[in-house]
Amino acid sequence: MSRETILNTLIEAEWPKLRRFFRTKVPDADVLDLVQNTMLAFVGGKLRDPQKARAYLWGIARLQVLKHYEKHRRGSEPFDSKIHTAMDLGPSISSRLDRRDKLVRGLQELPVEHQMAFELRYCEELSLEEVAVALGVSLATAKRYIAAAQAKLQDVFGSDPADMRVAYLRS
Amino acid sequence: MDAVVRLQEAIGAELLRCTLLGAPPLHVLGRYEVEGFLGRGASGLVVSARDLRLDRPVALKLSIIDDQDVDLSEARALAKVDHPNVVRVHDADMMLGTLQGQPWRLRVLVMQRTDGITLRSWLNVEERSTDEILEVFRGAGRGLAAAHDKHIVHRDFKPDNVLVRDDGVPQVLDFGFALAASSTRSASEGRRTLVAGTEVYMAPEALNGMASARADQYAFAISLSEALTGKIERPLFWRPGNVPRFVWRALRRATRSNPLRRYDSMAQLLERLERPRRWPPWAMLAVILMVGGAYGARGTHVDWASMLGAVTLDADAGQERAPDLAPSAPSPVLPDAALPLVPTPEALTSDAAAPDEPAPELLEVAPGLPEEVLPPPLATGCVPLSTPGERRVRATSVQSGMHGCYLIDLAVDPDGCASVTRIQKTGSSSDLHCWRGAVQEGVDVSSSRSAEGLVVTTTVGPRSYRFAMRSDRNGRLDGTFTSEISGRSGAAADVDHGTLEEVQ
């Protein structure tokens, strides 16, 4: 497949998903840039196993988020995505996040890794294995992240993941 | 899926094709090159773009419209508002374009592009002091007032619609856009496009489709109360400790359910939100003593000219005359230069003698004077009404003590006063349920206004009635009635009269 074809496919099929993913983590104005970077990295990278293309793509997306945080957050304390939430990032990012949607607010209050694990598993419907590869963790850890996120969201949101997915897709 | 989201995805795909695949750039109205996204609302999408003609950055607000002949006059009027607290609008237009094979009919609002965050974000980023919050809201309020001057109503004021620029200047966004975008739809359909939660800021009459400058005032006051207290509460009642009295008073009046009881204008509300000017304590004491002396010597009549150390401005020379105190009043020594100017009756009525600084509010100094400013006088016989509907009114005969129960349908006249469109009698106190008796329709209903209030005449069955009603301070109807058997006179007319009161 030529580079153009891959990019075309990515734009057609993955742009809406990447948009949703980035939108809950970075300000609206930065979403398009991160999507672009993700797509360029994907075509420019070395994908060994085509079966793992999806996990690979989302792995890149995750790194884009973390890179963005490192670049733009202000604060002396190191940011640990396993513990800290998007709201812990400091005002230059957190104040510009779109927090009007209830579900989005709930997601932004999860530790970033938990948030990503939950969204990839239940909203973008990756398999557990794919989530683990994308986050660069073991299956058990991925499961733990997802369960923690689900429990917290259920508390706040009061419905099951299927309903949350519907709300997420509308965001 | 939401149309706005679909639009964002369509535009985004085009932009990606442009940057990643070298596709031609996306142009709007043949003049603006779209660069990226700035934000998304319920009614539209805001994109960043470059004005190719003038070579400057702009923000384009794109709203999806489905009607052919949408009225742009509101948007055009907005473009004429030139005020630092209103985001500058450069142009408004409509476009029909195709993206990814799909046609889009969009309204385009071309605005200045500035960096900043929404007022909501600004409030959340850091703990803001009361003074900081007041200062920002005053700025936003001035923007609202400027637009009201050009007869533009916002209709959707809330902290999400105010941008706080990086330099701290607040700018109001999205003016009348809710109106312009939905002008061809029914009021209820327009409401459905609002983000859930906008309704919490809207005045009661605005929720029924009657937007006005006073509805904006309400939304502004609710937003400010939320910023100061952290929550939205209607009606405003207990003043939280961190909110100054003068602010709470102003907000309470601005959030009255009856729009006619709010302030006349945003400008008036903003005046009330300025800290009241304080005289130095010794000057206040001096004036109180002098006024007290006046009361003592002459009862309740106060003769300002001789009493209040009449410092008059000689209109010609602009000089201050030395204070001339009445001998009976104690006269502390007040250095001329520092004495606050107190207007004489002449100064109050003649412009020439107006002091440079506005006279301090005498209300603040003299105890016992009413603090509340009275609402403006209403037109003769006006029963102010914001919501049309049915009211239950019970008539009580002075002679017999018997009740008659009536359902009165009120409509709102263009001037905000009530008129009666229908009366039905549903029973009398001899019925088991006064409100559930056999309904008798009033015929020849005639509604008018006089010095007695809202006057209605009608004939129900054999009797003709005349009701004269006003509304009390709670908006409830009360008044008097007379009735007689139609077509008869003298004792045969069986004249009755009594009182009316509205019941829930």
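Re the state of the cysteines
Residue and element names in this part refer to chain B. Summed over all chains, the structure comprises two disulfides over all chains. A sulfur-sulfur distance of 1.9 Å marks the disulfide that ties Cys 382 to Cys 417. In this structure, the disulfide formed by Cys 382 and Cys 417 twists by about -100° around the S-S bond and is classed as left-handed. With Cys 382 in the loop between helix H14 (362-365) and strand E10 (389-397) and Cys 417 in the loop between strand E11 (403-412) and strand E12 (418-428), the pair connects residues that are 35 residues apart, well separated along the chain. Disulfide pairing places Cys 405 opposite Cys 434 at an S-S distance of 1.9 Å.

Some points on the environment of B:Ala254
All names here are of chain B. Relative to the helices and strands, Ala 254 resides in helix H9 (residues 245-254). Taking relative accessible area as the criterion, Ala 254 reaches 0% and is therefore assigned buried. Taking the C-alpha atoms as reference, Ala 254 lies 9.5 Å from Asp 264; in sequence the two are 10 residues apart. Once you skip the residues sitting within four places of it in the chain, Ala 254 turns out to touch Gln 217, Tyr 218, Ala 221, Arg 262, Tyr 263 and Leu 269.

Remarks on the packing of helix H8 (residues 139-157) of chain A against helix H9 (residues 161-169) of chain A
Residues and elements named next belong to chain A. Look at H8 against H9: their axes get within 11 Å of each other, and the N-to-C directions meet at 75°. Judged by the angle between their axes, H8 and H9 are roughly perpendicular. For the pair H8 and H9, the contacting residues are Gln 150, Leu 153, Gln 154 and Phe 157 in the first and Pro 161, Met 164 and Ala 167 in the second. A per-class count over the contact of H8 with H9 returns five nonpolar, two polar and no charged.

A word on the pattern of salt bridges
Residue and element names in this part refer to chain A. Applying the stated rule across the entire model yields 33 salt bridges over all chains. Between Arg 20 and Glu 124 there is a salt bridge, with the nearest N and O atoms lying 3.4 Å from each other. Of this pair, Arg 20 sits in helix H1 (residues 3-23) while Glu 124 is found in the loop between helix H6 (112-123) and helix H7 (128-135), placing the two residues 104 residues apart along the sequence. Like Glu 124, Arg 20 is buried. Of the charged contacts in the structure, one is a salt bridge between Lys 82 and Asp 80, with a shortest N-O distance of 3.7 Å. A residue is classified by how much of its surface remains accessible, and Asp 80, at 25% relative accessible area, is partly exposed.

Calculation criteria
- Residues numbered from 1 in each chain as written.
- Chains lettered and ligands numbered in written order.
- Predicted model: local features only at pLDDT ≥ 70, side-chain atom pairs only at ≥ 80, totals over all residues.
- Heavy atoms only, no water.
- Disulfide = S-S within 2.5 Å.
- Helix = DSSP H or I, 4+ residues; strand = E, 2+ residues; numbered from the N terminus.
- Buried < 20%, exposed > 50% of the residue type's maximum accessible area, 1.4 Å probe, protein only.
- Contact = heavy atoms within 4.5 Å.
- Axes fitted to C-alpha atoms, helices over the stretch in contact; angles between N-to-C directions.
- Parallel < 35°, antiparallel > 145°, perpendicular 65-115°, else oblique.
- Nonpolar A, V, L, I, M, F, W, Y, C, P; charged D, E, K, R; others polar.
- Salt bridge = Lys/Arg side-chain N within 4 Å of Asp/Glu carboxyl O.

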